[in-house]
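Summary of structural features
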Amino acid sequence: AQSVTQPDIHITVSEGASLELRCNYSYGATPYLFWYVQSPGQGLQLLLKYFSGDTLVQGIKGFEAEFKRSQSSFNLRKPSVHWSDAAEYFCAVDDNSGGGADGLTFGKGTHLIIQP
Amino acid sequence: AAGVIQSPRHLIKEKRETATLKCYPISRHDTVYWYQQGPGQDPQFLISFYEKMQSDKGSIPDRFSAQQFSDYHSELNMSSLELGDSALYFCASSYQAGSKDEQYFGPGTRLTVT
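As a starting point, this report considers the structure included with it. (Residues numbered from 1 in each chain as written. Chains lettered and ligands numbered in written order. Predicted model: local features only at pLDDT ≥ 70, side-chain atom pairs only at ≥ 80, totals over all residues. Heavy atoms only, no water.)

Our focus in this paragraph is the pairing of strand β10 (residues 87–94) of chain A. All names here are of chain A. Most of β10 sits out of view: eight of its eight residues are buried. Pairing geometry for strand β5 (residues 32–38) and β10, over seven bridges, is antiparallel. Note on β10: the bridge partner recorded for Trp35 is Cys91. Here β10 pairs with strand β12 (residues 110–115) via three bridges, running antiparallel. Note on β12: the bridge partner recorded for Ala87 is Leu112. For β10 and strand β11 (residues 105–106), the ladder comprises two bridges, and the chain directions are antiparallel. Along β11, the bridge assignment pairs Ala92 with Phe106. (Buried < 20%, exposed > 50% of the residue type's maximum accessible area, 1.4 Å probe, protein only. Helix = DSSP H or I, 4+ residues; strand = E, 2+ residues; numbered from the N terminus. Pairing = 2+ DSSP bridges.)

Residues and elements named next belong to chain B. Pairing between strand β5 (residues 44–50) and strand β6 (residues 53–57): four bridges, direction antiparallel. By the bridge assignment for β6, Ser48 is matched with Asp56. Two successive antiparallel strands, β5 and β6, enclose a turn made up of two residues, where Glu51 displays a positive phi of approximately 50 degrees.

Residue and element names in this part refer to chain B. Read across the sheet, four strands follow the order β1-β3-β8-β7 without closing on themselves; strand pairing throughout is antiparallel. The outermost strands of the open sheet, each flanked by one partner alone, are β1 (5–7) and β7 (64–68). Each strand axis lies, on average, 15 degrees off the axis of its neighbour in the sheet, ignoring direction. (Axes fitted to C-alpha atoms, helices over the stretch in contact; angles between N-to-C directions.)

Looking now at the interface of chain B and chain A. In this complex, chain B contributes 24 residues to the contact, which on the side of chain A involves 23 residues. Counting the contacts that link chain B with chain A gives two salt bridges. The tally of links from chain B across to chain A stands at seven residue pairs in polar contact (both at pLDDT 80 or more). At the level of elements, β4 (31–37), β5, β6 and β9 (87–94) of chain B are the ones that each hand at least two residues to the side of chain B that touches chain A. Considering each element in turn, the side of chain B that touches chain A owes the most residues, four residues, to β4(B). Tallied by class, the residues present in the side of chain B that touches chain A amount to nine nonpolar, nine polar and six charged. (Contact = heavy atoms within 4.5 Å. Salt bridge = Lys/Arg side-chain N within 4 Å of Asp/Glu carboxyl O. Polar contact = N/O pair within 3.5 Å; in protein donor to acceptor, adjacent residues only side chain to side chain. Nonpolar A, V, L, I, M, F, W, Y, C, P; charged D, E, K, R; others polar.)

All names here are of chain B. For the peptide bond that leads from Ser7 to Pro8, omega is -10 degrees, which places it in the cis range. Counting through the fold element by element, Pro8 comes out in the loop between β1 and β2 (10–13). Although it is not a glycine, Arg16 sits at a positive phi angle of roughly 75 degrees. Tracing the backbone through its elements, the reader meets Arg16 in the loop between β2 and β3 (19–24). Non-glycine residue Arg28 carries a positive phi angle of around 80 degrees. In this fold, Arg28 is placed in the loop between β3 and β4. Under the relative-accessibility criterion, Arg28 is labelled exposed at 60%.

Let us look at the environment of Thr18(B). All names here are of chain B. In this structure, Thr18 sits in the loop between β2 and β3. When the C-alpha atoms of Thr18 and Gly58 are compared, they prove to be 21 Å apart, with 40 residues separating the residues in sequence. The residues touching Thr18, leaving out its near neighbours within four places in the chain, are Lys13, Met78, Ser79, Ser80 and Leu81.

With that out of the way, let us pick up the nonpolar core. Formed by 26 residues in total, the largest nonpolar core has its most connected members in Leu19(A), Trp35(A), Leu47(A), Leu48(A), Phe74(A), Leu76(A) and Tyr89(A). Breaking this core down by element, the ones donating at least two residues are β2 (10–14), β3 (19–21), β5, β6 (44–50), β8 (64–68), β9 (73–78), β10 and β12 of chain A. Broken down by element, the residue count for this core peaks at four residues, all from β10(A). Residues Ile47(B), Phe64(B), Leu81(B) and Ala87(B) belong to the second largest nonpolar core, which totals 22 residues. (Core = buried A, V, L, I, M, F, W, Y, C linked by side-chain atoms within 4.5 Å.)

Set out below in C-alpha cells:
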C-alpha cells in the first residue's frame, strides 16, 4: 500500500526566511503528488501538483516543489515566507491505479509556525 | 466560480443517532470524494463516486453509506453514531474528463457526537 511520510511535525521559520517542507512517498510507480494547505478550521486548498514532465512545479502563493524520483521525495519550498503562511501543510499521493476517482493518501501534516 | 458547498457546516448529534451530510460539487464536476479528518489527524479517504457509481472505497465504516444523485450532489449517511465519529468531514470534487486527479475540497462539516 502506498504511504506518505512528512518527517517534520512542526517547523518554525522566521518571517522572510526560506522554507522547505519534506515529503517522501512509498509506491512502486510514480504516483500523482500534491501539496495542500489548511488553515485552522478551514478546508484544504491545493497549492500545487505533479503528474509528469518537468520535475519542478510552480504553485500558488509563491510555492514550488521538486519531484525527485531517486529519493521518492516531493519537497515543498518557498524562498521567503510571510506570516500568513502559518498553517498546516499536507503532502498527498494518488496512486493512479483505479483509472479515476481514486482517493488521496495524505501524510500526517507539518505545522508551520512563523516567527516575527 | 462557486466552490464545493457542504451542508450543514456544523452538526451536533447524540450517540446512536443518525446524520446526513450533503455535498454540492463545483459546476461541471462529475466526481465526488468524502474524507474524514479527526482532531489533529490527516484526512482519511472514505469513498468516491463518478457518474453516480461508486468508484473507490477507503476506510468507510459499514455504518456509513453514501450516494451520488443525478445532479451530481452527494450525501453521506451515518447511522448508529459513536463518539469516535466526531470529526471534520470533507467533500471534494473533480472533473474526470479534465485534470481528473485535481480534487477541490469544500469547507467541511464539523460533526460532534455527544
